[in-house]
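Geometric and topological summary
Listed below, chain by chain, are the residues.
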Amino acid sequence: MRTESICLKDRFQLDDSVLKKGFNPYYLSINSEQNDPVYVNGKEVVNLATNNYLGLSNDSRIKEVYIDAIRKYGISMCATPIAGGYTELFEDTQRKLASFIGVESVILYPSCYQANNGIFQAVAKKEDLILFDRFAHSSLIQGIRSVGCRSLPFSHNDVVSLEYLLEKYYLSPKIFVVTESVFSTEGSIAPFKEICELCRKYNAIPVVDDSHGIGVIGRKGKGILSHSGIDDDDVIYTTSLGKAFANNCGVVGGSKELINYLSYSSSHLIYSTAISPSVIAGINKTLDIVKEEYDVRAAKVFRYSNLLKQALVRNGFRVADSTAPITSIIAGTSEDTIDFAKKLFDNGVFSTPFIYPSVRKNDGRIRLIAGANIKESSVNKVVNLFEHWN
Ligand SMILES: Cc1ncc(COP(=O)(O)O)c(C=O)c1O
């Protein structure tokens, strides 16, 4: 029997010493639209902290569609999709999304975190094996762990390390190989074609999270399947539409059979309130805009990213080896990383600092994403800051 009582607040003490040095870069208060500049804690800054790659998060055409959908269908479905259904916009959006991504069919979860968290429980069993890139996103890792099967990491983007594990464990009943397409903290791109070839050789199922790939890589921004030249229904595909697509929700794509199976067996979908009608309408409109405008918008994003990377390298900063338009500065300890973000913020630049446990200990990152809504003069201002950093 317990002899002393433990106060709840004593049980949930966060080690936040690193955030108590006068600047906490997390959960900041935004006071304006997602424009350039943006106002954060009342201060005017260049926003390089969001994943607004194509600069669509404040697009007036998408805003209009949201408002029209609210007028026509209301705000919330107030029910899970299996019970209360979707609006009539859903089927058209579903069909357009599947064709854009290059899969037979898709379903929509409220978020990609929820999708990644839920799919493994639905498709894998305790006796199966899941191999995953060691830099895979938390949502994938948590989802994989929830199955309770054997799961092993392979070295980042390393097909030799992956094949070693496939060869060793190929007798497992089912094997899943899990990767991101564009890695969110590094900007590196998975060798997904080679991963799929290995999966075919060892009868494994590839799973790819394209959250930072859709709208960013591939022809017309179609993402990793287009980028890798893959036309295959045996892939399990997930993506967030809260980044380049500037809306909200998680997509799972694959064969019609997979999608039908998940529709009736994935608890993360079945027991969660359906996506709001305005969001479905917004995604539908965004698809049309991306198809038309990807080339111009993406050219800007890649050019900005090259300007930032070149300025950093020229001035002696260490930068992760990225091919996607993510600039990831290697910043060291958590303290150093927060200090770096503070100095950027003091100089009018809003960045994303990644510290342990989001990244390895003492391997902090400052991520910069200059979306297509950012002015060239703002990018030049940031370049100039790196030229005169010390
Ligand atoms: C690689 C990756 N996967 C999944 C997610 C989760 O996506 P969502 O915001 O739609 O839940 C994120 C978001 O940070 C991400 O970076």
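Model, not experiment: these values are computed from the prediction. Counting from 1, residues in each chain are numbered in the order their sequence is written. Per-residue local features are limited, in this predicted model, to residues with pLDDT of at least 70; the limit for side-chain atom pairs, both in listing and counting, is 80 or more; totals at the level of whole chains, interfaces and linings are taken over all residues.

As a further point, take the packing of helix α2 (residues 60–73) against helix α12 (residues 277–314). Helix axes are fitted to C-alpha atoms over the stretch in contact, other axes to C-alpha atoms as well, and angles between N-to-C directions run from 0 to 180 degrees. In DSSP terms, a helix is any run of H or I states spanning at least four residues, a strand is any run of E spanning at least two, and both are numbered starting from the N terminus. One can describe the packing of α2 onto α12 by two numbers: an axis separation of 8 Å at closest approach and a directional angle of 145°. The handedness of the crossing between α2 and α12 is right-handed. Contact residues: α2 offers R61, I62, V65, Y66, A69, I70 and Y73, while α12 offers P277, S278, A281, G282, K285, T286 and I289. The nonpolar class holds Ala, Val, Leu, Ile, Met, Phe, Trp, Tyr, Cys and Pro. Asp, Glu, Lys and Arg form the charged class, and all remaining residues, Gly among them, are polar. Per-class residue counts for the contact of α2 with α12 are nine nonpolar, three polar and two charged. When the near helix sits turned anticlockwise from the far one by under a right angle, the crossing is termed left-handed; a clockwise turn instead gives a right-handed crossing. For the purpose of contact definition, each residue receives a C-beta atom placed from its backbone, and two residues are in contact when these atoms lie within 7 Å.

We now examine the sheet that holds strand β5 (residues 150–154). Strand pairing is assigned whenever DSSP identifies at least 2 bridges connecting the two strands. Taking strand neighbours across the sheet as the criterion, the seven strands line up as β3-β9-β8-β7-β6-β4-β5 in an open arrangement whose pairing is mixed. In this open sheet, the two strands that pair with only one neighbour each are β3 (105–109) and β5. With strand direction ignored, the average angle separating the axes of adjacent strands in the sheet is 20°. Of the pairings in the sheet, the one linking strand β4 (residues 129–133) to β5 comprises five bridges and is parallel in character. By the bridge assignment, L129 is partnered in β5 with R150. Strands in contact with helix α6 (residues 138–145) are β4, β5, β6 (175–180) and β7 (205–209); relative to β4, the strand with the most contacts, it is inclined by about 165°. Against the sheet, helix α7 (residues 159–168) contacts β4, β5 and β6, and its axis sits at roughly 155° relative to β5.

This part covers the nonpolar core. With 110 residues, the main nonpolar core has V106, I130, L131, V177, V178, V252 and A370 as its most contacted residues. Among the elements that make up this core, the one with the highest residue count is α12 (13 residues). What fixes the domain bounds is an automatic or database domain assignment. Residues from two domains meet in this core; each of domain 1 (17–58 + 294–387) and domain 2 (60–288) gives at least three. Each nonpolar core consists of buried Ala, Val, Leu, Ile, Met, Phe, Trp, Tyr and Cys residues. Their C-beta atoms, within 7 Å, join them into a set. Between the buried cut of 20 or more and the exposed cut of 12 or fewer other C-beta atoms within 10 Å of a residue's own C-beta lies the partly exposed class, and all C-beta atoms are placed from the backbone.

On to α12, then. Compared with the 56 Å implied by 1.5 Å per residue over 38 residues, the 48 Å span of α12 between its first and last C-alpha is markedly short. Largest kink in α12: about 70°, centred on E293. Following α12 by one or two positions, G316 has its phi on the positive side, about 85°. A helix's residues, less one, multiplied by 1.5 Å, set its expected span. At any given residue, the bend is defined as the angle formed between two axes, one fitted to the seven residues that end at that position and one fitted to the seven that begin there.

A few words now on the packing of α7 against helix α8 (residues 192–201). Relative to each other, α7 and α8 sit at 15°, their axes nearing to 11 Å. It follows from the interaxial angle that α7 and α8 lie roughly parallel. Like other packed secondary-structure pairs, α7 and α8 cross with a definite hand, here right-handed. Between α7 and α8, the contacting residues are V159, L162, E163 and L166 on the first element and E194, I195 and L198 on the second. Here the contact of α7 with α8 is composed, by residue class, of five nonpolar, no polar and two charged. Small angles under 35 degrees read as roughly parallel and large ones over 145 as roughly antiparallel, with 65 to 115 read as roughly perpendicular and the rest as oblique.

A separate point is the site of the ligand. Around the ligand sit 14 residues in total, of which S111, C112, Y113, S211 and S240 are the nearest. Sort the elements by how many residues they give to the shell around the ligand and helix α5 (residues 112–123) lands first, with three residues. The residue makeup of the shell around the ligand, split by class, is two nonpolar, 10 polar and two charged. Nearness between a residue and a molecule or strand is assessed with a C-beta atom placed from the backbone; a distance within 6 Å qualifies.

Split by domain assignment, the protein chain resolves into domain 1 (17–58 + 294–387) and domain 2 (60–288). When each unit is reduced to the centre of its C-alpha atoms, the spacing between domain 1 and domain 2 is 26 Å. On the domain 2 side, the residues contacting the 20 residues of domain 1 number 17 residues. Going through the elements one at a time, α12 and β13 (364–368) are the ones with two or more residues in the side of domain 1 that touches domain 2.

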